[in-house]
Amino acid sequence: MTNKWSRQDRLGNILFLVILGFGLLGMVLNLVLPDKADSEVENRPLAQAGGIRSEGLWTGETGQEAENWYADQFPLRNGFLHLNYCFQRLEGVSRFDDVYIGKDMLLQEAPVYDAAVSDAILQSIRDFQAKTQILVNLQIVPTSIQVNADRLPMNAVSPDENAALADIQSKSQDLGFIDSRQTLADHSNEDLYYKTDHHWKSLGAWYAFTDLAAAKGWSADQASFDVLKAADGFQGTLSAKTGDPFLSDTVDLWVPKGGPQYVMTRDGKKTRTMYDESALDRKDKYQVFTGANTGEFTLEMDNDSPVRLLLFKDSYANSYLQFLIPQCRTITVIDPRYYDGNIDRLVENGIFTDVLFLYNYSSWVQDTSLKGVLDAKTGE
């Protein structure tokens with residue numbers, strides 16, 4: 001009787017032989033090659049041999065540390081990640097952890113909305129506005145899985161960002177809520193978000209900025225910017241999560257024509273640009289926008305704008321800043337995730353005319369550091 005292997009059996013056997021070959025070769029190379037500090041594909045630090053401690057020999061910790069080191073320092077690790085992705089795709093897998101393999105795009109599942117958590121943050125902003133008497137705007141923008149839902153694979157499900165944002169909007173009209181859902185939806189056929197990363201592209205940030213500009217009475221003329229392609233071949237955080245070797249992105253900068261001239265001060269250093277050119281030679285090319293995340297930095301322009309802006313933000317604002325520069329005299333940027341200062345003292349020492357809270361939906365739902373920064377009392 002003829003034994004006919006199914007397609008799945010053949011793929012499984014091929015995968016087993018490939019893994020076995022990789023494993024044997026890796027065991028030999030792991031012992032002779034120096035450890036690598038970071039994984040560019042996964043965008044994270046790797047376990048080191050020096051981190052294996054003998055103290056945990058009897059508790060199992062040493063074994064786990066050795067296992068982590070071997071897995072992280074596997075010499076052909078990057079190739080294996082890509083190969084595993086290819087085999088998974090051949091078997092019809094369309095989701096890796098919380099990332100969907102969409103049509104020419106990777107899309108990260110939206111987190112579940114907790115109205116009580118969101119309401120508490122809104123109240124902290126409301127209290128801050130009442131205490132400082134500074135004009136406030138709140139802009140929470142959808143992520144790519146909401147705007148590009150038509151690119152999701154069949155039967156994909158994700159929490160409804162649109163309903164959550166509608167609820168937030170209904171509760172924050174007194175906070176100058178800027179709603180960009182329709183604007184981004186109207187341009188969803190354009191490349192508003194990176195295919196391989198969780199951030200939006202400069203074009204997506206531009207369209208969201210036009211909504212803020214309309215509310216503020218600011219100019220928003222696309223022709224007043226030079227659009228420069230800074231890099232291609234960018235593979236971001238979602239590529240790292242899935243191991244997808246095929247998709248890549250370009251990174252565009254929008255530079256205001258004719259200035260203004262400005263100085264960015266961050267980590268005690270002054271530069272005449274917000275762009276970190278060195279990031280274009282690294283894995284995370286999105287860091288070209290202001291560099292790696294930090295708690296506080298300032299921009300000072302040589303224009304005559306009356307606007308002195310205090311900006312609370314997540315990393316979506318890094319590319320959005322390109323459009324704020326021509327509109328403001330100064331911008332003080334606070335990322336609550338890394339901020340260790342005191343907001344009360346900052347406001348007392350600054351001359352702020354406007355405050356903008358700019359977040360993407362996922363950050364707003366998952367990160368509570370903003371509430372902690374706003375609620376901190378002077379002297380604490």
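Scoring rules and cut-offs
Residues numbered from 1 in each chain as written. Predicted model: local features only at pLDDT ≥ 70, side-chain atom pairs only at ≥ 80, totals over all residues. Heavy atoms only, no water. Helix = DSSP H or I, 4+ residues; strand = E, 2+ residues; numbered from the N terminus. Buried < 20%, exposed > 50% of the residue type's maximum accessible area, 1.4 Å probe, protein only. Contact = heavy atoms within 4.5 Å. Areas by Shrake-Rupley, 256 points an atom, 1.4 Å probe, with all protein chains shown as cover. Pairing = 2+ DSSP bridges. Axes fitted to C-alpha atoms, helices over the stretch in contact; angles between N-to-C directions. Expected span 1.5 Å × (residues − 1). Arc of directions from axis to C-beta. Polar contact = N/O pair within 3.5 Å; in protein donor to acceptor, adjacent residues only side chain to side chain. 1 Å grid on protein atoms, 1.4 Å probe; cavity = no way out; pocket = protein on both sides within 12 Å on 5 of 7 lines; lining within 4 Å. Points joined across faces, edges and corners; volume = space filled by probe spheres on them. Nonpolar A, V, L, I, M, F, W, Y, C, P; charged D, E, K, R; others polar. Right-handed = clockwise from strand over helix to strand, strands pointing away.

What is the right way to look at the overall build of the protein in this model?
The helix and strand inventory of the protein stands at 13 helices and 15 strands. Here the protein holds 380 residues, and the buried ones make up 47% of them. Here the contacts in the protein between residues at least 6 apart in sequence split such that 72% fall between residues at least 24 apart. Carbon together with sulfur atoms contributes 53% to the accessible area of the protein, which is approximately 18600 Å² in total.

Looking at this model, I keep getting lost on the sheet that holds strand β3 (residues 95-96). Mind explaining?
What holds strands together in a sheet is hydrogen bonding between their backbones, with the strands either parallel or antiparallel. Spatial strand order, β3-β4-β5: 3 strands in an open sheet with antiparallel pairing. With one partner strand each, in any of the chains shown, β3 and β5 (105-108) form the two edges of the open sheet. Two strands pair when backbone bridges link them, and strand β4 (residues 99-102) and β5 are joined in this way by 4 bridges, in the antiparallel orientation. For Gly-102, the partnering residue across the bridge sits in β5 and is Met-105.

Where do I start with the sheet that holds strand β7 (residues 177-178) in this structure?
Pairing within the open sheet is mixed, and its 8 strands lie in the order β7-β6-β15-β13-β14-β12-β10-β11. Looking at which strands have only one partner, the edges of the open sheet turn out to be β7 and β11 (269-271). Pairing geometry for strand β12 (residues 296-301) and strand β14 (residues 330-334), over 5 bridges, is antiparallel. Note on β14: the bridge partner recorded for Glu-300 is Thr-330. Against the sheet, helix α4 (residues 115-132) contacts β6 (135-141), β13 (308-313) and β15 (354-360), and its axis sits at roughly 160° relative to β6.

Which parts of the structure should I look at to understand the environment of Asp-226?
Structurally, Asp-226 is set in strand β8 (residues 225-234). Residues Asp-226 and Gly-258, spaced 32 residues apart in sequence, show a C-alpha to C-alpha distance of 9.8 Å. In this structure, Asp-226 is in contact with Leu-253, Trp-254, Val-255 and Lys-257, ignoring residues within four places of it in sequence.

Please explain α4 as it appears in this structure.
In an α-helix, one turn spans 3.6 residues, which is why side chains three or four residues apart end up on the same side. Across its 18 residues, α4 extends 26 Å between first and last C-alpha, which sits within 8% of the 26 Å expected from 1.5 Å per residue. Those residues of α4 lying buried are Ser-118, Ile-121, Leu-122, Ser-124, Ile-125, Phe-128, Gln-129 and Thr-132. When α4 is viewed along its axis, its buried side chains cluster within an angular range of 155° and face the same direction. A side-chain oxygen of the first residue of α4 lies 3.1 Å from the backbone nitrogen of Ala-116; this N-cap is Asp-114.

Hey, could you run me through helix α8 (residues 202-216) in this one?
Taking 1.5 Å per residue as the helical rise, α8 with its 15 residues ought to reach 21 Å, and the 20 Å between its terminal C-alpha atoms agrees with that figure. Counting buried positions along α8 yields 11 of 15 residues, so the element is predominantly enclosed. The first or second residue beyond α8 is Gly-217, which carries a positive phi of 75°.

Help me out: how do you make sense of the layout of surface pockets in this one?
Leftover empty space is mapped by rolling, across the atoms, a probe with the size of a water molecule. What the largest pocket holds in volume is close to 380 Å³. Looking at the largest pocket, it is lined by 20 residues, and the ones nearest its centre are Gln-108, His-198, Asn-360, Ser-362 and Gln-366. Of all the elements in the fold, those that place two or more residues in the lining of the largest pocket are α9 (237-242) and α12 (361-366). Partitioned by chemical class, the residues of the lining of the largest pocket number 4 nonpolar, 10 polar and 6 charged.

Would you explain unusual backbone geometry in this entry?
For the bond running from Gly-259 to Pro-260, omega is 10°, close enough to zero to count as cis. Residue position: Pro-260 is located in the loop between β9 (249-256) and β10 (262-266). Positive phi values are uncommon outside glycine, yet Asn-155 reaches one of about 70°. Take Asn-155: it is sitting in the loop between α5 (144-147) and α6 (161-170).

Looking at this structure, how should I read the side chain of Asp-367?
Relative to the assigned elements, Asp-367 resides in the loop between α12 and α13 (369-375). One polar contact links Asp-367 to Ser-369, side chain to side chain, over a distance of 2.8 Å. The residues contacting Asp-367, other than those within four sequence positions of it, are Ile-121 and Arg-337.

Where do I start with the pairing of β13 in this structure?
Looking along a regular strand, one sees the side chains alternate between the two faces of the sheet. Among the 6 residues in β13, 5 count as buried, and that is most of the element. Taken together, the 5 bridges between β13 and β14 define a ladder with parallel strand orientation. Within the sheet, the bridge partner assigned to Phe-312 lies in β14 and is Ile-334. In this fold, β13 hands off to helix α10 (residues 317-324), which returns the chain to β14; that crossover is right-handed. In the sheet, β13 pairs with β15 via 5 bridges, with the strands oriented parallel. Paired with Leu-309 across the strands is Asp-354, a residue of β15.

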